[in-house]
Amino acid sequence: MENYFASLKIIEETGNKKGIADSYNNIGIIYYEQGNYDKALENYFASLKIEEEIGDKKGIAASYINIGSLYLKQNKTAEAKKQSLMSLSISGEIGAKDYLMHNYELLSQCDSATGSWKGAYQYHKLYVITKDTLFNEEKSKEIGKLEMKHTLEVSDFKRKQKEEQQQQQRQQQQQLADKINYTLMLVGFIVLLGFVML
């Protein structure tokens with residue numbers, strides 16, 4: 001924890017507001033994991049305030065998710081849902097599918113905690129759809145990378161194969177030239193020997 005505070009102090013000296021907001025958020029996460037929810041909220045709200053000042057929509061959405069998750073942990077489901085809905089709105093606006101997924105999951109948990117099974121089911125379905133979409137996008141990216149790698153490997157193999165064929169042709173041509181030269185030298189030597197013997 002000391003390292004996070006030391007980092008925050010250094011970043012504050014540079015005036016990097018985005019970095020300061022991220023540091024507060026990270027400190028909040030540590031406090032959350034330690035079960036110190038009051039300190040976690042204090043840091044999440046400090047992060048949120050700066051993110052709102054600088055217009056960091058993705059950061060604002062993340063802070064709302066963190067605050068909502070903490071409120072849910074404290075069984076403050078109405079507040080948790082309110083925070084998650086604010087994050088959901090921003091996440092949809094900026095196209096942050098990973099945040100949409102987290103919000104749908106959080107909203108499903110909120111509705112489940114209050115016995116609103118229909119809402120919980122609807123949000124859970126949206127969570128699964130978004131999660132699958134993200135998974136498929138990642139797999140598509142991986143497949144694209146593999147296809148590109150395969151194409152490059154095939155091109156490299158063909159290039160090397162062509163170079164080897166060209167090298168073999170040069171060697172064969174050199175061997176043929178060497179044989180012709182040897183034959184000519186032998187014929188010349190025999191002719192010369194024939195003149196000498198006459």
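What you are looking at is a predicted structure, and each value in this text was computed from that prediction instead of being measured.

**A few points about the pattern of salt bridges**
The full count for this structure, using the stated rule, is 9 salt bridges. Of the charged contacts, one joins K18 and D56 as a salt bridge, the two residues approaching to 3.0 Å between their closest N and O atoms. In this pair, K18 sits in helix α2 (residues 17–34) while D56 sits in the loop between α3 (37–54) and α4 (57–73), placing the two residues 38 residues apart along the sequence. Looking at D56, the relative accessible area reads 14%, which means it is buried. Here R159 ties to E163 by a salt bridge, and the two come within 2.9 Å at their closest N and O atoms. Within this pair, R159 and its partner E163 are both found in helix α7 (residues 117–197), separated by 4 residues, close to a single helical turn. A relative accessible area of 41% places R159 in the partly exposed class. Residue class for E163 comes out partly exposed when judged on its relative accessible area of 40%. Residues participating in the shared-partner salt-bridge network are D156, R159, K160 and E163.

**Looking at unusual backbone geometry**
One non-glycine residue, N75, lies in positive phi territory at about 60°. Looking at the element boundaries, N75 is found in the loop between α4 and α5 (77–94). With a relative accessible area of 66%, N75 lands in the exposed category.

Reading the values: the criteria
- Residues numbered from 1 in each chain as written.
- Predicted model: local features only at pLDDT ≥ 70, side-chain atom pairs only at ≥ 80, totals over all residues.
- Heavy atoms only, no water.
- Salt bridge = Lys/Arg side-chain N within 4 Å of Asp/Glu carboxyl O.
- Helix = DSSP H or I, 4+ residues; strand = E, 2+ residues; numbered from the N terminus.
- Buried < 20%, exposed > 50% of the residue type's maximum accessible area, 1.4 Å probe, protein only.

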